[in-house]
Amino acid sequence: MIGYVDIKKSVIDVLKLNVGTVKVVANEEMSGFKPPAFFVQMIPISDTPYIDYEEKLLTVNIHYFSAEKTDLANLKMLDQLNMAFFNNLKIGDRTITLKNKRHQIIDNVLQFKFDLEFLNDVDEEEVNSQWVMMTEIDESLGYTEGEIELMQELEIKEE
């Protein structure tokens, strides 16, 4: 299952591998940093759950603050980012195809964006010969594997 932290880590790893001379700053450091620098923003668009999987759509926005603050510096970095994020992104043991790559330059800050759309399987486990969604069993509340009953196995008690 791919999470947002996994995606951000993969994007930062690609930046460090391909443009290692430029620092990646965290959200908390958005003021007072020294350019050149990257800032990676994750913009979740939708998380749509289904019975045994979920569909995720998000935009990755990489902001580049150049030291020179020139159009030429931004265009050179745009070429590097297009090569680094050419077609896909490896996240853990999966590879996701990049969609809708685009860019804009606002106030001498390059924004390089792309969308990721993928499915995550929901973990299931077998309980009493039936496959159910995996949840954490809190044994401190008296729940154990042997104590779990499926809805159809419960008997209605009259009071």
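Our subject in this report is the structure included herewith. Keep in mind the model is a prediction, meaning the values are calculated, not measured. (Residues numbered from 1 in each chain as written. Predicted model: local features only at pLDDT ≥ 70, side-chain atom pairs only at ≥ 80, totals over all residues. Heavy atoms only, no water.)

## Topic: the overall build of the chain
The helix and strand tally for the chain stands at two helices and eight strands. Counting helices and strands in the order they occur from the N terminus, the chain gives α-β-β-β-α-β-β-β-β-β. For the chain, the residues scored as buried account for 32% of the 159 residues in total. When contacts within the chain are restricted to residue pairs at least 6 apart in sequence, those whose partners lie at least 24 apart make up 54%. Just so you have it, the chain exposes about 10800 Å², and 51% of that area is on carbon and sulfur atoms. (Helix = DSSP H or I, 4+ residues; strand = E, 2+ residues; numbered from the N terminus. Buried < 20%, exposed > 50% of the residue type's maximum accessible area, 1.4 Å probe, protein only. Contact = heavy atoms within 4.5 Å. Areas by Shrake-Rupley, 256 points an atom, 1.4 Å probe, with all protein chains shown as cover.)

## A look at the nonpolar core
Core analysis: the largest hydrophobic core is formed by 30 residues, its most contacted members being I7, V11, F38, V60, F85 and L116. The set of elements that each furnish at least two residues to this core consists of helix 1 (4-18), strand 2 (37-49), strand 3 (53-65), helix 2 (71-84), strand 4 (88-91), strand 5 (94-106) and strand 6 (109-121). Ignoring any residue separated from it by four or fewer positions in sequence, one finds F85 in contact with V11, V14, L15, I62, L98, K101, F112 and F114. The next biggest cluster of nonpolar side chains, apart from the first, holds six residues, and it includes V25, F39, F65 and V109. (Core = buried A, V, L, I, M, F, W, Y, C linked by side-chain atoms within 4.5 Å.)

## Details of the pattern of salt bridges
Counted by the stated rule, this structure contains five salt bridges. The salt bridge involving D13 is made with K9; its shortest N-O contact spans 2.9 Å. With D13 and K9 both in helix 1 and four residues apart, this pair spans about one turn of that helix. Owing to a relative accessible area of 53%, K9 belongs among the exposed residues under this scheme. Taking the shortest distance from any N to any O, the salt bridge between K56 and D47 comes out at 3.2 Å. For D47, a relative accessible area of 38% puts it in the partly exposed group. (Salt bridge = Lys/Arg side-chain N within 4 Å of Asp/Glu carboxyl O.)

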